[in-house]
Amino acid sequence: AYAAQGGDEGRRSVLLGLARADEQLRPALAALLPAEAFVALYSASRTPFLGALAASAGCGALPSAPSIGLRAMGLSFRNDLGNAAGLDKDGTLLDFNYALGAGYAVVGTVLSDPHSGNLFDFLGGLWRGNAWTPLPSSGGALNSLGLPSKGVEPALRNIAAFRERHGVPPQRAEHGRPAGDGGASFPVGVSIMGHPAHGDPADKLEGVLRCVRLCLPLADFIEINESCPNVHHGGGHGGDATAELRKRLEAIVAERDAAARGGGRRVPLLVKLGDLGEAEGTVRFLSRLGIDGVVALNTQKDYASFELPPADRALLDSYTARYGGGLSGPPILDRSSAQAAAAQAAAAGVQAAAS
């Protein structure tokens, strides 16, 4: 099909055609196929399709990026729309997102060492891989990927190569300056988490600190993922969990600050959470530790709390019984928006008190 369509431009045309056809066919496929077959179809095609998108980044011209000149955390963003962690695990989609007109990108979540993620057998063992599925009627999705990663080093090589190709150097966070609107106003963040295979909390933390040290020279901001629902984070509950979180974040902030004192940039640190709890208290807790922002929210697992069309609910019940996983997309929009608004209000209060 690529050859018949005519080279690189044909590749993009085929991909767009597949995407449009898929959007129309998903509800019918979900109704016709057994749930296991539907999930297997999308799980098996996810990685090849993302690879094809990455390869299409240089195929012909795309519309120019919309620029509205934003600043946050002392960084300049050409606009406010970008991808969350989880889409571009290893930085292979940076060229695609940049050409598409995104205002920023997040790479990861990366780990200190390679990791296969959660592997499941599909269709009686015909295929083995990571599980995800769209929910066609609501536009939501479920994933049980479990942080597949090639490791931090390949991701950083991809980021460095992207910066070299497009002349997008790491930014130095500077507050009070007007926002730029050029191609260089494209922050690249890196999401980091402790390796799921490291059972010892000390080993897990050392892996995070190693990733932070390696990412500081290349990342515009760093996200610490404390929320993935598909892996075990370790630690206790209640007060013990808070104390352990404080200890981890203090070590990460100390690593960042030591690098800045040694002549490096002060790279903003964000923490990604699955639930903010009492937003004002959470924001104040993080701010006192030297954290610069909060990312809300990750995928959700209290499935019964969200309204779904009957067909999507049936698919969710079948999927989660086999694979567990987290719910994302429009079904969790109201919760995410409400918590983000509460965090924004709390952050404004913290900033007013500080000034």
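The structure this text deals with has already been given above.
From a predicted model like this one, the values you see are computed outputs, not experimental measurements.

Visitor: Got a sec to walk through the pairing of strand 7 (residues 140–143)? Specific residues and values, please.
Guide: Residues of strand 7 alternate between two faces, with G140 and L142 on one and A141 and N143 on the opposite face, all of them buried. Linking strand 6 (residues 132–135) back to strand 7 in an antiparallel pair, the connection comprises 4 residues, with G139 at a positive phi of about 80 degrees. Sheet topology note: the strand 7/strand 12 (residues 326–328) ladder contains 3 bridges and is antiparallel. Residue pairing across strands places L142 opposite L327, the latter belonging to strand 12.

Visitor: Give a detailed account of unusual backbone geometry, specifying residues and quantitative values.
Guide: The linkage connecting G108 with the following residue, T109, adopts the cis geometry, with an omega of 15 degrees. Checked against the element boundaries, T109 lands in strand 3 (residues 105–110). Put simply, A296 and L297 share a cis peptide bond, and its omega is -5 degrees. Within the secondary structure layout, L297 lies in the loop between strand 11 (293–296) and helix 9 (310–323). The phi dihedral of L123 is positive, around 50 degrees, even though this residue is not glycine. Checked against the element boundaries, L123 lands in the loop between strand 4 (120–122) and strand 5 (127–129). Phi at L147 is positive, roughly 60 degrees, even though this residue is not glycine. Assignment of secondary structure puts L147 in the loop between strand 7 and helix 5 (152–166).

Visitor: Any chance you could break down the packing of aromatic side chains for me, citing the residues and the numbers?
Guide: For the structure on display, the rule yields 10 aromatic pairs. Note on F38 and Y42: the rings are 4.9 Å apart at their centroids and 55 degrees apart in plane angle, and the pair reads as tilted. Taken together, the positions of F38 and Y42, both in helix 3 (residues 35–55) and 4 residues apart, correspond to about one turn of that helix. Exposure remark for F38: the relative accessible area of 1% places this residue in the buried category. Owing to a relative accessible area of 5%, Y42 belongs among the buried residues under this scheme. Aromatic ring contacts, followed pair by pair, group F120, F122, W127, Y319 and Y323 into a single cluster. One residue, R78, lies across the ring of Y98, its end atom 4.5 Å from the ring centre.

Visitor: Tell me what's going on with the nonpolar core, and back it up with residues and numbers.
Guide: One recurring pattern in soluble globular proteins: nonpolar side chains tend to sit buried together. Among the nonpolar cores identified, the biggest contains 44 residues, and I192, I222 and L249 are the most heavily contacted of them. The greatest single-element share of this core, amounting to 6 residues, is contributed by helix 6 (residues 201–215). With sequence-adjacent residues up to four places away left out, I222 is seen in contact with V190, I192, V212, C215, L216, V267, P268, L269 and L270. Counting residues in hydrophobic clusters, the runner-up holds 21 residues, among them A141, L145, Y303 and Y323.

Visitor: Give me the side chain of T320: which residues, what numbers.
Guide: On the secondary structure map, T320 appears in helix 9. For T320, the contacting residues outside a window of four places in its chain are L142 and Y303.

Visitor: Now, about empty space enclosed by the protein: what can you tell me, with residues and values included?
Guide: On inspection of all chains with the given rule, the structure shows 1 cavity of 30 Å³ or more. One number sums up the size of the largest cavity: a volume of about 120 Å³. Mapped by element, the contributors of at least two residues to the lining of the largest cavity are helix 6, strand 9 (221–225) and helix 7 (239–261). Residue contributions to the lining of the largest cavity peak at 3 residues, all from helix 6. A class-by-class count of the residues in the lining of the largest cavity yields 5 nonpolar, 3 polar and 3 charged.

Visitor: Which residues make up the pattern of salt bridges, and what values go with them?
Guide: The full count for this structure, using the stated rule, is 14 salt bridges. Between R266 and D292 there is a salt bridge, and its shortest N-O distance comes to 2.9 Å. Of this pair, R266 sits in the loop between helix 7 and strand 10 (269–273) while D292 sits in the loop between helix 8 (279–288) and strand 11, and the two are 26 residues apart along the sequence. Judged by its relative accessible area of 39%, R266 is partly exposed. Across the salt bridge formed by R335 and D302, the nearest N and O atoms sit 2.8 Å from each other. With R335 in helix 10 (residues 333–354) and D302 in the loop between strand 11 and helix 9, this pair connects stretches of sequence that are 33 residues apart. D302 gets classed as partly exposed once you look at its relative accessible area, which sits at 32%. Bridged by salt links that share partners, the residues R256, D257, R266 and D292 form one connected network.

Calculation rules
- Residues numbered from 1 in each chain as written.
- Predicted model: local features only at pLDDT ≥ 70, side-chain atom pairs only at ≥ 80, totals over all residues.
- Heavy atoms only, no water.
- Buried < 20%, exposed > 50% of the residue type's maximum accessible area, 1.4 Å probe, protein only.
- Helix = DSSP H or I, 4+ residues; strand = E, 2+ residues; numbered from the N terminus.
- Pairing = 2+ DSSP bridges.
- Phe/Tyr/Trp six-rings, centres within 6.5 Å; stacked < 30°, edge-to-face > 60°.
- Lys NZ or Arg CZ within 6 Å of the ring centre and 35° of its normal.
- Core = buried A, V, L, I, M, F, W, Y, C linked by side-chain atoms within 4.5 Å.
- Contact = heavy atoms within 4.5 Å.
- 1 Å grid on protein atoms, 1.4 Å probe; cavity = no way out; pocket = protein on both sides within 12 Å on 5 of 7 lines; lining within 4 Å.
- Points joined across faces, edges and corners; volume = space filled by probe spheres on them.
- Nonpolar A, V, L, I, M, F, W, Y, C, P; charged D, E, K, R; others polar.
- Salt bridge = Lys/Arg side-chain N within 4 Å of Asp/Glu carboxyl O.

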